[in-house]
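Listed below are the residues making up each chain.
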Amino acid sequence: DVKVTQSSRYLVKRTGEKVFLECVQDMDHENMFWYRQDPGLGLRLIYFSYDVKMKEKGDIPEGYSVSREKKERFSLILESASTNQTSMYLCASSSSFSGRGEDEQFFGPGTRLTVL
Amino acid sequence: SQQGEEDPQALSIQEGENATMNCSYKTSINNLQWYRQNSGRGLVHLILIRSNEREKHSGRLRVTLDTSKKSSSLLITASRAADTASYFCATSGTASKLTFGTGTRLQVTL
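A brief report on the enclosed structure follows.

Thresholds applied
- Residues numbered from 1 in each chain as written.
- Chains lettered and ligands numbered in written order.
- Predicted model: local features only at pLDDT ≥ 70, side-chain atom pairs only at ≥ 80, totals over all residues.
- Heavy atoms only, no water.
- Core = buried A, V, L, I, M, F, W, Y, C linked by side-chain atoms within 4.5 Å.
- Buried < 20%, exposed > 50% of the residue type's maximum accessible area, 1.4 Å probe, protein only.
- Phe/Tyr/Trp six-rings, centres within 6.5 Å; stacked < 30°, edge-to-face > 60°.
- Helix = DSSP H or I, 4+ residues; strand = E, 2+ residues; numbered from the N terminus.
- Contact = heavy atoms within 4.5 Å.
- Buried area = accessible area lost by both parts, 1.4 Å probe.
- Salt bridge = Lys/Arg side-chain N within 4 Å of Asp/Glu carboxyl O.
- Polar contact = N/O pair within 3.5 Å; in protein donor to acceptor, adjacent residues only side chain to side chain.
- Nonpolar A, V, L, I, M, F, W, Y, C, P; charged D, E, K, R; others polar.

Our next topic: the nonpolar core. By size, the foremost hydrophobic cluster in this structure holds 21 residues, and its most contacted members are A:W34, A:I46, A:L76, A:L78 and A:Y89. Ranked by size, the runner-up nonpolar core spans 20 residues in total, among them B:I13, B:L61, B:V63 and B:A85.

Quick look at the packing of aromatic side chains now. This model, assessed by the stated rule, comprises nine aromatic pairs over all chains. With a centroid separation of 5.9 Å and an interplanar angle of 80°, the aromatic rings of A:F107 and B:Y35 are classed as edge-to-face. Taken together, the positions of A:F107 in strand β10 (residues 106-107) and B:Y35 in strand β4 (residues 31-37) put the pair across two chains. According to the relative accessible area criterion, A:F107 is buried, its value standing at 10%. On the accessibility criterion, B:Y35 (0% relative accessible area) is buried. What links up through ring pairs into an aromatic cluster is the set A:F33, A:Y35, A:F48, A:Y50, A:F107, B:Y35 and B:F100.

Let us now look at unusual backbone geometry. Residue B:P8 is bonded to the preceding B:D7 through a cis peptide linkage, with omega at 0°. Assignment of secondary structure puts B:P8 in the loop between β1 (5-7) and β2 (10-14). The phi dihedral of A:D28 falls on the positive side, at around 60°, and the residue is not glycine. Examined against the element boundaries, A:D28 turns out to sit in the loop between β3 (19-25) and β4 (31-38). What makes A:D28 exposed here is its relative accessible area of 53%. For B:K70, which is not a glycine, the phi torsion comes out positive at approximately 50°. Within the secondary structure, B:K70 sits in the loop between β7 (61-66) and β8 (71-76).

Each side of the interface is counted separately: chain A has 29 residues, and chain B has 25 residues. Carbon and sulfur atoms make up 46% of the surface buried where chain A meets chain B, a total of about 1,900 Å² over both sides. For the pair chain A and chain B, the number of links is zero salt bridges. For the pair chain A and chain B, the number of links is three residue pairs in polar contact (both at pLDDT 80 or more). Looking at the side of chain A that touches chain B, the elements with two or more residues in it are β4, β5 (42-49) and β9 (87-94) of chain A. Top contributing element to the side of chain A that touches chain B by residue count: β5(A), with five residues. Of the residues assigned to the side of chain A that touches chain B, the class counts are 11 nonpolar, 11 polar and seven charged.

Purely spatial values, then, with no claim about function.
Shown next as structure tokens:
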């Protein structure tokens, strides 16, 4: 069974802390994505990666960075957490098999981050 | 920028009834996908429809796409309590990046 796992389901951090959210997929997918989900706003893309050591900004990259040192792992980093980064964070992966953007994304269970 | 907008934002029906959700988008697309999200969980892919297709079926799901109106609809027939979830449309160009809508919350009551 294919799987995307995220390091924590719930996380509570303090303002100014450095926060690491980890995502691992076991499907050998090239593409990995980080989204945040807020009520009424749907899913918004933060960063994505098409290959190891490659990253591209999504729609809301400010305040975030990412790291992809291995194909199966994609990390989201909050350099200095702020209260407006309290949200549900979802990781996803997909293959590039079709080459036509037709690949479904597989999602992890999400990390609910609270910044106090 | 947000590509898709779902309508309605919330829908409450009784078990056995049909549920219809609509999605509108702004720019040309290569395909449109629908996803489901149970409360507090990740999203699960339901169905994909390509820009050159008008209708697609999968079990109790029926998806239509009207590229001239830049809109899609998802019909769930004979709804069950287990269909209670949020439903999202997502659009794609030629790359693997998806742009998600704001979602429709469906509540199916017994």
